[in-house]
Amino acid sequence: MPSATLEALHRYTRCESPTGDARALAALAEVLDADAAAAGFHTARETHPTGDHLIWSLPARGAGGDPILLLSHYDTVWPVGTLAEMPWSADGDVIRGPGVYDTKAGLAALLSAAGEIKDQDHPEVRVIVVADEEIGSPTAGDLVRAEAARSRAVLGLEPPHPGGDLKTGRRGSTRARVEVTGVEAHAALDPDAGVSAIDELVDQLLRVRSVVASRPVLLNTGTIAGGGRTNVVAGRAHADLGLRFSDPDDEEAVLGELRGLRPVRDRAVVAARLLSHRPTWRPGPAGTELLDRIRAVAAGIGQSIDGRPADGAADTNTTGALGLPTIDGLAPYGGGAHARTEWVSAGGIAERTALLAALLTA
């Protein structure tokens, strides 16, 4: 791996960039945009209060047709200050640090590859680097759909399967909030005058669990909040749910049930809303053809690669579900995503840099 690529990854890792921290994201965005410009990209942004999405374009050279779109992100799950407990290190093939695997090494590999090919013939290359991917990209969906609609293929720069295989499909992923409004009252002197939002929420969660019980759906109640004092009947409560789907029909059925929730108690008000939504991406002919093409290009530079569906979700859910040629997992291999054991392979960065350069000039 070129020392410049390792140095770039080091700089990106030192710029801690948790989702929603606009100041921290802005600092890394400046670094990334400068490196993208040095690699030949034109840079632009779609601004949002919680962090800007970066939009890079490498003009075509000696090749026509629709652009290739690459999707990545620069937010991480790690809060500012994590580096003090989980410092950057490079020991042989193993590079550690918050966000190195998911997915700052992918950005370093891409920009290194772009720098190598900018004087070679290639089609237009478009890149979206999302600021809120780790919470479902709630502000990026329209941008991703618009760019993908005019692209010949979509390549995702998320981490691959263990060992390096690519991702040809993904579970649908939805974050939903169930909100309940009750009626406050003194819990001892006049409890019947109140309606407990917490009790109502518990019954609604049991109802949701019964809906998914007979389906291959993953349901996680991630957070619950409500009430305030033990001597006051709770007036408000809510729960945030994480749902994963392997089949679009199950997805449609469960989300329909969520939208149709009705209160069990008189005077309670129940509502459900989606915080983020990534549709189920099932493998299809367009993706199979693209995977075959990637296999052939990889073989041409001495690499062997395969692909299969994945459980996790990403922005490629959005493009794959539209039936567009989409393959993900093109970031370097490693392990420990979202864990303190996070690491990425130095050799994997070199391999992916070579593969990306070959794909963008094929």
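Residues numbered from 1 in each chain as written. Predicted model: local features only at pLDDT ≥ 70, side-chain atom pairs only at ≥ 80, totals over all residues. Heavy atoms only, no water.

1. Remarks on the sheet that holds strand S9 (residues 172-181)
Within a sheet, adjacent strands bond to each other through the backbone by hydrogen bonds, running parallel or antiparallel.
Right, on to step 1. The 4 strands are arranged S10-S11-S9-S12 in an open sheet whose pairing can be described as antiparallel. Only two strands of the sheet have a single neighbouring strand rather than two, namely strand S10 (217-226) and strand S12 (269-278). Geometrically, the sheet is characterised by an average inter-axis angle of 20 degrees between neighbouring strands, direction not taken into account.
Right, on to step 2. Direction of pairing for S9 relative to S12: antiparallel, over a ladder of 9 bridges. The partner of Glu-179 across the bridge, within S12, is Ala-271.
Right, on to step 3. Each of S9, S10, strand S11 (236-245) and S12 is contacted by helix H5 (residues 197-212), which is oriented at about 15 degrees to S11, the strand it contacts most.
Right, on to step 4. Strand contacts of helix H6 (residues 248-259): S9, S10, S11 and S12, with the helix running at about 170 degrees to S11, the strand carrying the most contacts. (Pairing = 2+ DSSP bridges. Helix = DSSP H or I, 4+ residues; strand = E, 2+ residues; numbered from the N terminus. Axes fitted to C-alpha atoms, helices over the stretch in contact; angles between N-to-C directions. Contact = heavy atoms within 4.5 Å.)

2. Quick look at the nonpolar core
Right, on to step 1. Counting 54 residues, the largest nonpolar core has Leu-9, Phe-41, Trp-56, Leu-70 and Tyr-74 as the members making the most contacts within it.
Right, on to step 2. Here this core gets 11 residues from one element, more than from any other, and that element is helix H3 (residues 100-117).
Right, on to step 3. If sequence neighbours within four positions are ignored, Leu-70 has contacts with Leu-110, Val-125, Arg-126, Val-127, Ile-128, Leu-155, Leu-157, Leu-356 and Leu-360.
Right, on to step 4. Residues Ala-176, Val-178, Leu-241 and Leu-243 belong to the second largest nonpolar core, which totals 21 residues. (Core = buried A, V, L, I, M, F, W, Y, C linked by side-chain atoms within 4.5 Å. Buried < 20%, exposed > 50% of the residue type's maximum accessible area, 1.4 Å probe, protein only.)

3. Description of the sheet that holds strand S2 (residues 53-58)
Right, on to step 1. Read from one edge of the open sheet, 6 strands run S1-S2-S6-S3-S7-S14, paired in mixed fashion. Of all strands in the sheet, those with a lone pairing partner are strand S1 (42-46) and strand S14 (326-327), marking the two edges.
Right, on to step 2. Sheet topology places strand S7 (residues 153-156) next to S14; 2 bridges connect them, and they run parallel. Considered in S14, the bridge of Leu-155 is made with Ile-327.
Right, on to step 3. Taken strand by strand, helix H9 (residues 346-361) contacts strand S3 (68-73), strand S6 (125-130) and S7, and its axis lies near 150 degrees from that of S3.

4. Notes on the side chain of Ser-196
Right, on to step 1. Here Ser-196 shows up in the loop between S9 and H5.
Right, on to step 2. Among the residues examined, Ser-196 registers a relative accessible area of 15% and is labelled buried.
Right, on to step 3. Looking at Ser-196, its side chain comes within polar contact range of the main-chain nitrogen of Asp-199, at 3.0 Å. (Polar contact = N/O pair within 3.5 Å; in protein donor to acceptor, adjacent residues only side chain to side chain.)

5. Concerning the pairing of S7
Right, on to step 1. Side chains Ala-153 and Leu-155 of S7 all project onto a buried face; the interleaved residues Val-154 and Gly-156 project onto the opposite face, where all are buried too.
Right, on to step 2. Where S3 and S7 come together, 4 bridges link them in parallel fashion. Residue pairing for S7: Leu-69 is matched across the bridge by Val-154.

6. Quick notes on the layout of surface pockets
Right, on to step 1. Roughly 690 Å³ of volume is contained in the largest pocket.
Right, on to step 2. If you go around the largest pocket, you meet 31 residues; those closest to its centre are Glu-134, Ser-173, Arg-244, Ala-313 and His-338.
Right, on to step 3. Sorting the residues of the lining of the largest pocket by element identifies H3, strand S8 (166-170), S9, S10, S11 and S12 as the ones contributing at least two each.
Right, on to step 4. For the lining of the largest pocket, a count of residues per class yields 11 nonpolar, 10 polar and 10 charged.
Right, on to step 5. Approximately 260 Å³ is the volume attributed to the second largest pocket.
Right, on to step 6. Counting only elements with at least two residues in the lining of the second largest pocket, the list comes to S7 and helix H7 (285-300).
Right, on to step 7. For the lining of the second largest pocket, the element with the most residues is H7, which contributes 6 residues. (1 Å grid on protein atoms, 1.4 Å probe; cavity = no way out; pocket = protein on both sides within 12 Å on 5 of 7 lines; lining within 4 Å. Points joined across faces, edges and corners; volume = space filled by probe spheres on them. Nonpolar A, V, L, I, M, F, W, Y, C, P; charged D, E, K, R; others polar.)

7. Regarding unusual backbone geometry
Right, on to step 1. Cis peptide bonds are those with omega within 30 degrees of zero, and the linkage from Asp-102 to Thr-103 qualifies with -5 degrees.
Right, on to step 2. Summarising the element assignment, Thr-103 is placed in helix H3.
Right, on to step 3. For Arg-267, which is not a glycine, the phi torsion comes out positive at approximately 75 degrees.
Right, on to step 4. Looking at where Arg-267 falls in the secondary structure, it is placed in the loop between H6 and S12.

8. What to know about the packing of helix H1 (residues 3-14) against helix H2 (residues 22-38)
Right, on to step 1. Two elements in contact, H1 and H2, have axes whose closest approach is 9 Å; the angle formed by their N-to-C orientations is 160 degrees. In terms of their interaxial angle, H1 and H2 are classed as roughly antiparallel. When you trace H1 past H2, the crossing you get is left-handed. When H1 is examined against H2, the residues Ala-8, Arg-11 and Tyr-12 are found in contact with a partner set consisting of Leu-28, Val-31, Leu-32 and Asp-35.
Right, on to step 2. For the contact of H1 with H2, a count of residues per class yields 5 nonpolar, no polar and 2 charged. (Parallel < 35°, antiparallel > 145°, perpendicular 65-115°, else oblique. Left-handed = near helix turned anticlockwise from the far one by under 90°.)

9. Brief notes about H5
Right, on to step 1. A rise of 1.5 Å per residue sets the reference length of H5, with its 16 residues, at 22 Å; its end C-alpha atoms lie 23 Å apart and thus fit the reference within 8%.
Right, on to step 2. Check the buried side of H5 and you find it contacts S9, S10, S11, H6 and S12.
Right, on to step 3. N-capping of H5 is provided by Ser-196, with a side-chain oxygen placed 3.3 Å from the backbone N of Ile-198. (Expected span 1.5 Å × (residues − 1).)

10. Remarks on the side chain of Ser-137
Right, on to step 1. Here Ser-137 lies in the loop between S6 and helix H4 (141-149).
Right, on to step 2. Using a relative accessible area of 6% as the deciding quantity, one classes Ser-137 as buried.
Right, on to step 3. Separated by 2.8 Å, the side chains of Ser-137 and Arg-278 make a polar contact.
Right, on to step 4. One polar contact links Ser-137 to Asp-315, side chain to side chain, over a distance of 2.6 Å.
Right, on to step 5. Ignoring sequence-local partners within four residues, the contact set of Ser-137 consists of Val-130, Asp-132, Arg-278 and Asp-315.

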